[in-house]
Amino acid sequence: MASPSPSADRHEYGSYDELLEDYFDRGWTDGLPVVPPTPEKVAAFLSAAGLEGAEVLGEVPTREVVVTAEHAAINAVMAGCRPEYMPTVVAAVRAHLHEKGNCHSTTGTLSGAAQAVIINGPVRQELDVACGAGCFGPGFRANATIGRALRLVVRNVCRAIPGVLDRASFSTPLRYQFCFGEDEECNDWTPMHVERGLSPGDSAVTVASVMNLLSATDFTSRDPEGICDAILGVIRSRFIASDRWLGDGTNLVLVIGPEHRRFFDRASWSKNDIRSYMWPRLHEDGKNVTGLGRPEGLLIVAAGGDGMGDSWLLFPHLAWAITEKIEPV
Amino acid sequence: MSQRWIGLDPSSGPLERRDDRELRPRPTSLDGHVIGLVANGLGRGEELLDQVYERIARDAGVSGAVRVLKPGVSVPPEPADWARLTSEATVAITGFGG
């Protein structure tokens with residue numbers, strides 16, 4: 001049963017413009033206009049997720065911050081979400097606040113890491129999440145506002161404000177939002193959330209930190225090995241951040257585009273076949289040269305549109321990629 | 001009649017400290033102090049802290065160091081290390097973020 005009356009402090013204004021200017025002045029936006037989080041809208045969002053406002057979604061102990069469903073609802077309204085997006089926003093917030101999601105580090109770092117929200121399962125069709133052409137970019141309400149909602153929670157609730165607890169030297173435009181879905185229908189690959197233990201009928205979000213987003217462009221290879229070698233060249237050009245606390249649980253997300261996928265499909269290569277080819281080639285003289293702890297740490301996602309011969313690599317900051325089931329209401 | 005807008009506070013409260021805990025005053029001298037060196041595990045942080053300690057030790061009559069390596073940047077020292085720090089060190093230096 002949802003809380004009928006949100007408990008957050010209320011501010012009264014004579015106009016939308018007045019509200020908006022005050023929200024800008026208080027530092028409650030990402031620099032873009034927001035939708036007014038009225039008590040009625042926030043209550044509707046909580047109801048859509050079947051949550052009480054006081055439900056705790058996670059904590060950032062080093063900042064003495066507790067994030068509630070009401071916090072998520074207020075910021076989801078502001079981001080421009082529809083009420084039916086709320087269960088997905090809640091799952092994204094929970095995933096990000098998983099201990100090994102490492103909110104404190106990934107949102108405070110000098111490197112300006114972002115969070116990628118990757119959506120799997122039937123919810124993609126229900127919410128019209130873009131998985132194909134242009135899915136990393138603007139133009140898709142679900143992608144744009146779900147990703148933005150998480151970032152507004154990070155800013156407003158987790159206190160990652162530039163110059164305060166966000167110490168990024170440059171930051172990144174990915175911090176406005178970065179959300180897309182896996183194109184599960186394009187071939188017979190096992191969807192990422194199923195590889196990570198959920199059922200095909202489940203919906204899920206995976207939140208991965210992103211310190212660098214790099215493309216592996218290859219127009220000339222005509223077989224899986226050639227495509228993998230092009231991707232391996234990019235992986236070897238970087239180091240995957242880890243430390244003792246994260247152990248071997250770090251991840252690298254590979255987003256394989258359709259012009260590359262076709263060669264894997266023709267040769268009937270599965271995601272595991274790609275891992276089996278790549279894993280030994282991430283070693284030299286028996287030594288792991290990338291910082292990736294395990295073959296399963298390679299998270300392979302199908303997405304993107306026709307035309308460009310590239311795939312994309314999401315290099316992590318100090319965090320695991322966390323997959324969270326979207327709980328049906 | 002003009003429309004009134006009610007907006008909810010989206011934050012977790014003001015950024016100022018929310019309790020009355022205070023830092024102890026900075027020591028005016030390091031003479032006689034045992035220096036805790038708390039490395040967070042990033043890069044060459046331990047080397048950096050050792051260099052800082054050597055510089056301090058040249059200029060002040062310090063009484064030794066307690067070296068601690070945290071498991072990760074976002075977590076506190078492990079309990080045994082935390083106990084060593086609080087029982088043996090009289091001041092502590094940490095740093096080297098990323």
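The residue numbers shown here count from 1 along each chain, following its written sequence. Each chain takes a letter, starting from A, and each ligand takes a number, starting from 1, following the order in which they are written. Per-residue local features of the predicted model are confined to residues with pLDDT of at least 70, and side-chain atom pairs are confined, for both listing and counting, to 80 or more; whole-chain, interface and lining totals are unaffected and use all residues.

1. Comments concerning the overall build of chain B
Starting at the N terminus, helices and strands are each numbered in turn, a helix being any DSSP run of H or I of at least four residues and a strand any DSSP run of E of at least two. Each helix and strand in chain B was counted, giving two helices and four strands. Each helix and strand of chain B, placed in order from N terminus to C terminus, yields the pattern β-β-α-β-α-β. Only the C-alpha atoms count toward the radius of gyration. The rule for a globule is 2.2 Å times the residue count to the power 0.38. Its C-alpha atoms give chain B a radius of gyration of 20 Å, clearly above 13 Å, the size a compact globule of 98 residues would have. Along the three orthogonal principal directions, the C-alpha set of chain B runs to about 75 × 30 × 25 Å.

2. Things to note about the interface of chain A and chain B
For the purpose of contact definition, each residue receives a C-beta atom placed from its backbone, and two residues are in contact when these atoms lie within 7 Å. Listed by partner, the interface residues are 40 residues for chain A and 19 residues for chain B. Those elements that provide at least two residues to the side of chain A that touches chain B are β1 (10-13), α1 (16-25), α2 (39-49), α3 (69-79), α5 (103-108) and α7 (141-156) of chain A. Looking at chain direction, β1 of chain A and strand β1 (residues 5-8) of chain B are connected through four bridges and run antiparallel. When the bridges of β1 of chain B are listed, glutamate 12 of chain A appears paired with isoleucine 6 of chain B. When DSSP locates at least two bridges between a pair of strands, those strands are taken to pair.

3. A closer look at the domain arrangement of chain A
Here the domain parsing of chain A yields domain 1 (16-183) and domain 2 (212-315). Amino acids outside the nonpolar list (Ala, Val, Leu, Ile, Met, Phe, Trp, Tyr, Cys, Pro) and the charged list (Asp, Glu, Lys, Arg) are all regarded as polar, and Gly is one of them. Residues belonging to the side of domain 1 of chain A that touches domain 2 of chain A are distributed by class as follows: seven nonpolar, two polar and three charged. Here the bounds of each domain stem from an automatic or database domain assignment.

4. Considerations on the pairing of strand β6 (residues 204-210) of chain A
Residues and elements named next belong to chain A. Labels follow a simple rule on C-beta atoms placed from the backbone: if 20 or more others lie within 10 Å of a residue's own, it is buried; if 12 or fewer, it is exposed; otherwise it is partly exposed. Within β6, seven of the seven residues are buried, leaving the element largely enclosed by the surrounding structure. Across the two faces of β6 the burial is the same, with Ala204, Thr206, Ala208 and Val210 and Val205, Val207 and Ser209 all buried. Two elements, strand β4 (residues 114-120) and β6, share seven bridges in a ladder whose sense is antiparallel. The residue of β6 that forms the bridge with valine 117 is valine 207. In this structure, β6 lies alongside strand β13 (residues 322-325), joined through four bridges in antiparallel fashion. Bridging from a neighbouring strand, alanine 204 pairs with lysine 325 of β13.

5. Side note on the packing of helix α9 (residues 224-236) of chain A against helix α11 (residues 271-281) of chain A
Residues and elements named next belong to chain A. Interaxial distance between α9 and α11 falls to 10 Å at its minimum, and their mutual angle equals 45 degrees. With respect to their mutual orientation, α9 and α11 come out oblique. Seen from above, α9 lies across α11 with right-handed handedness. Facing α9, whose interface residues are Glu225, Cys228 and Leu232, α11 presents Ile274, Tyr277, Met278 and Arg281. Of the residues in the contact of α9 with α11, the class split is five nonpolar, no polar and two charged. Each axis is a line fitted through C-alpha atoms, taken for helices only over the stretch in contact, and angles between the N-to-C directions span 0 to 180 degrees. Roughly parallel means an angle under 35 degrees; roughly antiparallel, over 145; roughly perpendicular, 65 to 115; everything else is oblique. Less than a right angle of anticlockwise turn of the near helix away from the far helix marks a crossing as left-handed, whereas a clockwise turn marks it as right-handed.

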